[in-house]
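Architecture at a glance
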Amino acid sequence: MKIKFAAAIALAALTFTSVSNAADSGFAYPPAQGGKSVSIPSSALKFQHTGLKGEDGSEILVVDGYGDQKNREHGTFMKFSYGFKSPVHSHTYDYYGVVIKGEMANYNPEKPLVKMGPGSYWYQRGLEAHITECLSKDGCEAWVVQSQKFDAQIPPKTE
């Protein structure tokens, strides 16, 4: 368990480093809190409704770590309840995800499901049909980083 937690922390640090390096290469975003260093415990995160629902009617909840997932680039925490399974869908833009809590799957419906626990990573190409699932009875959380706004198309739009 300690190894998985360490892997999750290392991957999150790599994600933050990649975002910082992206800023040096012309990728601009306003720093959170006006550029001031902050430490925010998970208990202070206030998740909001998205309206994005799974086949079981449960909804994805989100809180932005930086940026704004509704309008532009962002790093966003996402929370899924047990049994959440999205319909087959797509997103306009690529994104990267890291499982923080629980066991999840993000897969092409024509390929085998791959279970991912904390510290696991996925890349989702834009305009590619896929399904996202929470397989853990205690629910799931993920960190998603995207250079554009987050959207979903049902049925999926593909290239």
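If you're wondering where the values come from, they're calculated on a predicted model, not measured in any experiment.

A few words now on the overall build of the chain. Helix and strand counts for the chain stand at one helix and eight strands. Secondary structure of the chain in N-to-C order comes out as α-β-β-β-β-β-β-β-β. Here the chain holds 159 residues, and 36% of them are scored as buried. Pairs at least 24 apart in sequence give 69% of the contacts found in the chain among residues at least 6 apart. Just so you have it, the chain exposes about 9300 Å², and 55% of that area is on carbon and sulfur atoms.

This part covers the pairing of strand β6 (residues 121–124). Across the two faces of β6 the burial differs, with Trp-122 and Gln-124 buried and Tyr-121 and Tyr-123 not buried at all. Judged from the four bridges that link them, strand β4 (residues 95–101) and β6 form a sheet pairing that is antiparallel. Its bridge partner being in β6, Tyr-95 is matched across the sheet by Gln-124.

Bringing the pairing of strand β5 (residues 104–107) into the picture now. Residues Met-104 and Asn-106 point to one face of β5 and Ala-105 and Tyr-107 to the other, with burial holding for every one of them. In the sheet, β5 pairs with strand β7 (residues 131–134) via four bridges, with the strands oriented antiparallel. Along β7, the bridge assignment pairs Met-104 with Cys-134.

What follows covers the nonpolar core. Grouped together as the largest cluster of nonpolar side chains are 15 residues, with contacts concentrated most on Ile-60, Met-78, Phe-80, Met-104 and Trp-122. Elements supplying a minimum of two residues to this core: β2 (59–67), β3 (74–80), β4 and β8 (140–146). Contact partners of Phe-80, with chain neighbours within four places excluded, come to Ile-60, Met-104, Thr-132, Cys-134, Gly-139, Cys-140 and Ala-142.

So, on to unusual backbone geometry. Of all residues except glycine, most have a negative phi; of all peptide bonds, most are trans. The step from Ile-154 to Pro-155 runs through a cis peptide bond, and the omega angle for that step is 0°. Within the fold, Pro-155 resides in the segment after β8. Positive phi, normally seen in glycine, also occurs at Leu-127, with a value near 60°. Counting through the fold element by element, Leu-127 comes out in the loop between β6 and β7. Residue class for Leu-127 comes out partly exposed when judged on its relative accessible area of 28%.

As enumerated under the stated definition, the model contains one disulfide in all. Across the disulfide, Cys-134 is cross-linked to Cys-140 (sulfur-sulfur distance 2.2 Å). Disulfide Cys-134 to Cys-140: torsion about the S-S bond roughly 85°, handedness right-handed. Judged by its relative accessible area of 2%, Cys-134 falls in the buried class. Exposure remark for Cys-140: the relative accessible area of 1% places this residue in the buried category.

Let us look at the environment of Gly-83. Relative to the helices and strands, Gly-83 resides in the loop between β3 and β4. A relative accessible area of 32% places Gly-83 in the partly exposed class. Sequence-distant contacts of Gly-83, that is, excluding residues within four places in its chain, are made with Asp-56 and Cys-134.

Let us look at a nonpolar patch on the surface. Nonpolar side chains collect at one region of the surface, where Tyr-96, Tyr-121 and Tyr-123 lie side by side and expose about 320 Å² of accessible area between them. Its location among the elements puts Tyr-121 in strand β6. What makes Tyr-121 partly exposed here is its relative accessible area of 43%.

Reading the values: rules and limits
Residues numbered from 1 in each chain as written. Predicted model: local features only at pLDDT ≥ 70, side-chain atom pairs only at ≥ 80, totals over all residues. Heavy atoms only, no water. Helix = DSSP H or I, 4+ residues; strand = E, 2+ residues; numbered from the N terminus. Buried < 20%, exposed > 50% of the residue type's maximum accessible area, 1.4 Å probe, protein only. Contact = heavy atoms within 4.5 Å. Areas by Shrake-Rupley, 256 points an atom, 1.4 Å probe, with all protein chains shown as cover. Pairing = 2+ DSSP bridges. Core = buried A, V, L, I, M, F, W, Y, C linked by side-chain atoms within 4.5 Å. Disulfide = S-S within 2.5 Å. Patch = residues over 30% accessible without salt bridge, like charges linked within 9 Å, V, L, I, M, F, W, Y side chains within 5 Å. Salt bridge = Lys/Arg side-chain N within 4 Å of Asp/Glu carboxyl O.

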